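Commentary on secondary and tertiary structure
Take a look at the letters that make up each chain.
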Amino acid sequence: MKAGIVYTSRTGNTERIARALASAFRLEAVPVEQAPDPETFDLLLLGSGVYNGLPDSPMLPYLKRCRRQKIGLFLTMGADPARSRALQRTAELLDQCDIVTTFSCQGRYTSRRIEEMKRRPSTSPHAWTPEKAARVAEAQKHPNEIDLARALETFRPLLDLPGNGS
Ligand SMILES: Cc1cc2nc3c(=O)[nH]c(=O)nc-3n(C[C@H](O)[C@H](O)[C@H](O)COP(=O)(O)O)c2cc1C
């Protein structure tokens, strides 16, 4: 079985997860711009940060090209993963694939993005509130070592197979 990791990461959060998976399971982690055709893989681990509720734009055309592969999906996001629909929305873009495992965790925002969020008018549905401030403060602590360990445990049953070298 040929497995690989294809990811996109603006600020390095998702890349940290991709690198931890690559190192633990001896896989190649390739930025999506350099990724070979999805058909090359039997099992693809796809990773991205969440932007406007979806994977980042460089990943979207690649998702469309995936057909029939087994997919493991990992996302990092500012939102609380338990309340986010991003995994579900991404899965809908991969409707011709078999999504076998998913993982998500929070990932820190850039300070520029936080400043933008703070400037939103109080009438906006996305206004800066004490709840939002607390959620963003939590995001700034991620991904942490616990997230990396959880990611490895999540994907281990898929990848810790005889002949996979790990
Ligand atoms: C411009 C911008 C837009 C973002 N939009 C969202 C969003 O819609 N939902 C969300 O949960 N997080 C959002 N985030 C937070 C990112 O998803 C989070 O920081 C993620 O870990 C970034 O991953 P990356 O560095 O691998 O790209 C946004 C961050 C930025 C900078």
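Read on for a plain summary of the structure. (Residues numbered from 1 in each chain as written. Predicted model: local features only at pLDDT ≥ 70, side-chain atom pairs only at ≥ 80, totals over all residues. Heavy atoms only, no water.)

Structural notes on the environment of Leu93
Here is the rule we go by: Note on conventions: DSSP H or I runs of at least 4 residues are helices, E runs of at least 2 residues are strands, and numbering of each starts at the N terminus. Here the term buried applies to any residue with accessible area under 20% of the maximum for its type, exposed to any over 50%, and partly exposed to those in between, with areas from a 1.4 Å probe on protein chains only. The contact rule is simple, with two residues in contact once any of their heavy atoms fall within 4.5 Å.
With respect to the element layout, Leu93 can be found in helix 3 (residues 86-93). Judged by its relative accessible area of 38%, Leu93 falls in the partly exposed class. In the structure, Leu93 is positioned 39 residues away from Leu54 in sequence and 9.7 Å away in space, judged by C-alpha atoms. Residues contacting Leu93, with those up to four places away along its chain left out, are Leu54, Leu60 and Leu63.

Side note on the site of the ligand
Put simply, the rule reads: For this description, a residue counts as near a given molecule or strand if any of its non-hydrogen atoms is within 4 Å of it. Definition of a polar contact: a pair of N or O atoms within 3.5 Å, with one able to donate and the other able to accept a hydrogen when the atoms are protein atoms, and with sequence-neighbouring residues admitted only if both atoms are side-chain atoms. Accessible areas in this description were obtained via Shrake-Rupley with a 1.4 Å probe; residue shielding takes into account the shown protein chains only.
Surrounding the ligand, one finds 19 residues, the nearest of these being Ser9, Thr11, Thr14, Val50 and Tyr51. The side chain of Ser9 places a nitrogen or oxygen atom 2.6 Å from an oxygen atom of the ligand. In the model, an oxygen atom of the ligand is placed 2.4 Å from a nitrogen or oxygen of the Thr11 side chain. Its free accessible area being 650 Å², the ligand has 88% of it covered by the protein chains.

What to know about the layout of surface pockets
Basically, it comes down to this: A cavity here means a set of 1 Å grid points, computed over protein atoms only, where a 1.4 Å probe fits but cannot escape. A pocket is an open set with protein on both sides within 12 Å along at least 5 of 7 lines, and lining residues have an atom within 4 Å of a point. Grid points are joined across faces, edges and corners, and a volume is the space filled by probe spheres set on the points. The classification used treats Ala, Val, Leu, Ile, Met, Phe, Trp, Tyr, Cys and Pro as nonpolar, Asp, Glu, Lys and Arg as charged, and all other residues, Gly among them, as polar.
Counted as a void, the largest pocket has a volume near 1,000 Å³. Lining of the largest pocket is provided by 34 residues; of these, Val50, Gly78, Ala79, Tyr109 and Arg113 occupy positions nearest its centre. Per element, the largest residue contribution to the lining of the largest pocket is four residues, and it comes from helix 4 (residues 111-118). By residue class, the composition of the lining of the largest pocket is eight nonpolar, 13 polar and 13 charged.

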